[in-house]
Amino acid sequence: MLTDLKTAKKVTGAKQVTRALKNGTARRVFLAENADPRVTEPVADLCRETGTETEQVPTMAALGAACGIAVGSAVAAIVE
């Protein structure tokens, strides 16, 4: 649910989301469907390995807007 991103504690960007997944603090990861697969696939693979829930978002712009940032985002995560 993109609306969860507006109020939840979150991180954006592949490096931050990867760090959160490795630390075990990511609860749900959002992946933009129109993002470069070279960015999203390693994050999706790590989500599968860690059993973290993922959700597809239609565009990077929609994901960035849901995160409250002025630019698009390929990946974002709700963290503890």
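Residues numbered from 1 in each chain as written. Predicted model: local features only at pLDDT ≥ 70, side-chain atom pairs only at ≥ 80, totals over all residues. Heavy atoms only, no water.

Sorry if this is basic, but what is going on with the overall build of the chain here?
Within the chain one finds 4 helices and 4 strands. The linear arrangement of helices and strands in the chain, starting from the amino end, is α-β-α-β-α-β-α-β. In terms of overall dimensions, the chain has C-alpha extents of about 30 × 25 × 20 Å along its principal axes. Burial analysis of the chain (80 residues in total) assigns 38% to the buried set. Put simply, of all contacts in the chain between residues at least 6 apart along the chain, 77% involve residues at least 24 apart. Across the chain, the 10 positively charged side chains and the 9 negatively charged ones have centroids separated by 8 Å. (Helix = DSSP H or I, 4+ residues; strand = E, 2+ residues; numbered from the N terminus. Buried < 20%, exposed > 50% of the residue type's maximum accessible area, 1.4 Å probe, protein only. Contact = heavy atoms within 4.5 Å. Lys, Arg positive; Asp, Glu negative; His and termini not counted. Charge placed at Lys NZ, Arg CZ, Asp CG, Glu CD.)

When you look at the packing of helix H2 (residues 14-23) against helix H3 (residues 37-50) in this model, what are you seeing that I'm missing?
To describe two helices that pack against each other, one gives the angle between their axes and the distance between the axes. Where H2 contacts H3, the two axes come as close as 10 Å, and the packing angle between them is 10°. Overall, the two elements H2 and H3 adopt an arrangement that is roughly parallel. Contacts from Ala14, Val17, Thr18, Leu21 and Lys22 of H2 reach H3 at Val39, Val43, Leu46, Cys47 and Thr50. The residue inventory of the contact of H2 with H3, partitioned by class, reads 7 nonpolar, 2 polar and 1 charged. (Axes fitted to C-alpha atoms, helices over the stretch in contact; angles between N-to-C directions. Parallel < 35°, antiparallel > 145°, perpendicular 65-115°, else oblique. Nonpolar A, V, L, I, M, F, W, Y, C, P; charged D, E, K, R; others polar.)

Just checking my understanding: could you explain the nonpolar core for this structure?
Membership of the largest hydrophobic core comes to 25 residues, with the highest contact counts inside it found for Leu5, Val17, Leu21, Val29, Val43 and Leu63. The residues touching valine 43, leaving out its near neighbours within four places in the chain, are Ala14, Val17, Thr18, Leu21, Val29, Leu31 and Val75. (Core = buried A, V, L, I, M, F, W, Y, C linked by side-chain atoms within 4.5 Å.)

Honestly, the sheet that holds strand E3 (residues 53-57) in this entry has me stumped. Any pointers?
The strands that make up a sheet are held in pairs by hydrogen bonds between backbone atoms, and each pair lies either parallel or antiparallel. Strand order in the open sheet formed by 4 strands is E1-E4-E2-E3, with mixed pairing between adjacent strands. Edge positions in the sheet fall to strand E1 (10-12) and E3, since each has one partner strand and no second. Averaged over neighbouring strand pairs, the angle between their axes works out to 20° when direction is ignored. When strand E2 (residues 26-32) meets strand E4 (residues 75-79), the two strands line up antiparallel, connected through 5 bridges. When the sheet's bridge partners are listed, leucine 31 is paired in E4 with valine 75. Its contacts with the sheet place H3 against E2, E3 and E4, and it is angled at close to 150° to E2. (Pairing = 2+ DSSP bridges.)

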